Amino acid sequence: MSFSGYSATSNRQKKLQLQQVLKRDADPYQNQTPFRALERKFKRRVPPPDFSEVIDFQNLDKAPEEYRSRIKRVELSEKLYGPLFGSVSEESSARNFGYTVEGFTGFIFISNPFSGRAQRNFIRESLREFTKPPYISNLDTHYVIPSCGVWNLFEQESKGQLNETSEEYFVPLKLDPTKVKEGKQDAKLIDTSSATAGYQYNGLNEKGETIRNTHLEVLPPHELVKRLRWITFGYQYHWPTKAYIWNEAVCVPPALAELTRAVVGAIDGVKFEGESSWVHNYSKDDYKPEGGVFNFYQPRDSLMGHIDQSEPNLTAPLISYSFGCNGVFLMGGADRNTPPIPVLLRSGDIMAMCGPCRKAFHGVPRIIEDTLPEYLTSLASDLDPDEVQDWPVFASYLTTTRINANVRQVVAI
Ligand SMILES: O=C(O)CCC(=O)C(=O)O
Ligand SMILES: [Fe+2]
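Let me begin by describing the structure that accompanies this report. (Residues numbered from 1 in each chain as written. Chains lettered and ligands numbered in written order. Predicted model: local features only at pLDDT ≥ 70, side-chain atom pairs only at ≥ 80, totals over all residues. Heavy atoms only, no water.)

**What about the overall build of the protein?**
Helix and strand counts for the protein come out as nine helices and 16 strands. Per-residue burial for the protein yields a buried fraction of 49% across its 413 residues. A separation threshold of at least 6 residues defines the contact pool for the protein, and within that pool the share at least 24 residues apart is 76%. Per element, the accessible surface of the protein, about 20,800 Å² overall, is 51% carbon and sulfur. (Helix = DSSP H or I, 4+ residues; strand = E, 2+ residues; numbered from the N terminus. Buried < 20%, exposed > 50% of the residue type's maximum accessible area, 1.4 Å probe, protein only. Contact = heavy atoms within 4.5 Å. Areas by Shrake-Rupley, 256 points an atom, 1.4 Å probe, with all protein chains shown as cover.)

So this is what it looks like as structure tokens:
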């Protein structure tokens, strides 16, 4: 018997091995869209992305060459002055100018026009006021929010005025007592029967999915504030169905409404002059701030690419504010195939999404840690006497937090 024709691997086996190698080496992301590719790049932890590839409107001379030539400084129609923006010792040109980018029709960026104190006041009032009922946050899904609000509990806790011996310390869960797992909550500290009184716990999470393993537990205020993700105002938005609930509305924060009217007035008439010129026209007399969201991001949070299109009015500009730590924002186009631009959002920055940009893909793939500006820390050099008392609590929360507020005109005019 001759073994000369024998080979350790038959042709069929060789073919199978080759197929396996090809499968292993194939780039599973080769068909991903440009939007998704950049989203993944900025979400990556190891190795971290190169943040110098992000457009920083405060350091435009360092902007990547491919973007620099497309960015145009534009004059605002009305200057951003007044108590809500705060006073600045020297004339800040940020109050007179915005930026536009070739290829992103209707995108207008205003680099922080606020004084440090104006930002602190806005953040302080917002956190105190809008973490209380009737404002609704993601925490309402599972917790019975007390009338003083979670932020005020956290302030009291931080100042040593509230500890685990106080009855209010643990915010009760909206749990069906029959579903509470043994040992998950301390029965001595929470009376679940009163916690559920008046509430119908439906066993669903924010996305409308059935909760199988709740992992829910009563939490001290400092843990609860870290779990705050969103607060809605104006017309209420139902996240699972991405629809507005027309018969439910809570007041649009007055300071935010006033700021937003000023911004809408400032950008009315902004022109982009280039190969494809455009003018943004939307009068502040036609503008009504009717709804929006505060988003709260902790370091590992991100917001996937999406289009905000639930509003019947998609012609009014959407105005968006950033406070706290920096984030990377991706401004895309009509679909995920348009390569987006990565934009650094610093505290105080304002973005307007107008015209086609109002209906464009966007997202926040990354929060950049350790980027809280000095004027928002407890060591800020210009704290008022009352801020010396109060601000450190806010500063400690902001050390890891980015806050976004975005305001929309919801119904058609
Ligand atoms: O956090 C941001 O800057 C964007 C938020 C956003 O796009 C949204 O809430 O729809
Ligand atoms: Fe959005």
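**Some points on the site of ligand 1**
Lining the immediate surroundings of ligand 1 are Asn-295, Tyr-297, Leu-303, His-306, Asp-308, Leu-345, His-362, Val-364, Arg-402, Asn-404, Asn-406 and Arg-408. Between ligand 1 and Asp-308, the relevant distance is 3.2 Å, taken from an oxygen atom to a side-chain nitrogen or oxygen of the residue. Take His-362: an N or O atom from its side chain is 3.0 Å from an oxygen atom of ligand 1. Within the complex, 94% of the 300 Å² of free accessible area of ligand 1 lies under protein. A majority-of-atoms criterion places ligand 1 in the largest pocket. The residue inventory of the shell around ligand 1, partitioned by class, reads four nonpolar, five polar and three charged. (Near = heavy atom within 4 Å. Polar contact = N/O pair within 3.5 Å; in protein donor to acceptor, adjacent residues only side chain to side chain. 1 Å grid on protein atoms, 1.4 Å probe; cavity = no way out; pocket = protein on both sides within 12 Å on 5 of 7 lines; lining within 4 Å. Sits in = over half its atoms within 2 Å of the grid points. Nonpolar A, V, L, I, M, F, W, Y, C, P; charged D, E, K, R; others polar.)

**A few points about empty space enclosed by the protein**
The full count for this structure, using the stated rule, is two cavities of 30 Å³ or more. Volume-wise, the largest cavity comes out at about 50 Å³. In this structure, the largest cavity is lined by Phe-122, Ile-123, Ser-126, Leu-127, Phe-294, Phe-296, Phe-323 and Ile-403. Considering each element in turn, the lining of the largest cavity owes the most residues, four residues, to helix H4 (residues 116-130). Within the lining of the largest cavity, the residues separate by chemical class into seven nonpolar, one polar and no charged. Of the pockets and cavities examined, the second largest cavity occupies roughly 40 Å³. Forming the boundary of the second largest cavity are Phe-130, Thr-131, Tyr-135, Ser-137, Leu-139, Asp-140, Ile-145, Val-150 and Leu-228. Its residues placed into classes, the lining of the second largest cavity shows six nonpolar, two polar and one charged. (Points joined across faces, edges and corners; volume = space filled by probe spheres on them.)

**A closer look at the coordination of the iron ion (ligand 2)**
Coordination of the iron ion (ligand 2) by the protein involves His-306 (NE2), Asp-308 (OD) and His-362 (NE2), with metal-donor separations of 2.1 to 2.2 Å. Considered as a linear motif, the donors of the iron ion (ligand 2) on their single chain read H-x1-D-x53-H. The pair formed by His-306 and Asp-308 is uniform in burial state, with each residue classed as buried. (Donors = N, O, S within 2.8 Å, 3.2 Å for Na, K, Ca; no water.)

**As for the nonpolar core**
Among the nonpolar cores identified, the biggest contains 93 residues, and Phe-57, Phe-107, Phe-294 and Tyr-321 are the most heavily contacted of them. By residue number, the principal contributor to this core is helix H8 (residues 254-267), which donates seven residues. Leave out the neighbours within four places in its chain, and Phe-57 touches Ile-71, Tyr-99, Val-101, Phe-107, Phe-109, Ser-111 and Val-343. Counting residues in hydrophobic clusters, the runner-up holds nine residues, among them Leu-38, Leu-330, Leu-344 and Ile-368. (Core = buried A, V, L, I, M, F, W, Y, C linked by side-chain atoms within 4.5 Å.)

**Some remarks on the packing of H4 against helix H9 (residues 385-398)**
As a packed pair, H4 and H9 sit with axes 11 Å apart at the nearest point and diverge in direction by 75°. The angle between the axes of H4 and H9 places the two elements in the roughly perpendicular class. In contact with Arg-117, Arg-120, Asn-121, Ile-123, Arg-124, Leu-127 and Arg-128 of H4, H9 contributes Asp-386, Glu-387, Asp-390, Trp-391, Phe-394, Tyr-397 and Leu-398. Its residues assigned to classes, the contact of H4 with H9 shows six nonpolar, one polar and seven charged. (Axes fitted to C-alpha atoms, helices over the stretch in contact; angles between N-to-C directions. Parallel < 35°, antiparallel > 145°, perpendicular 65-115°, else oblique.)

**Quick word on the side chain of Thr-260**
Its place among the elements puts Thr-260 in helix H8. Within the local environment of Thr-260, its side chain forms a polar contact with the backbone oxygen of Leu-256, the two atoms lying 2.6 Å apart. When neighbours within four sequence positions are excluded, Thr-260 is seen to be in contact with Tyr-287, Ile-319, Tyr-321 and Val-407.

None of this, on its own, says anything about what the molecule does.
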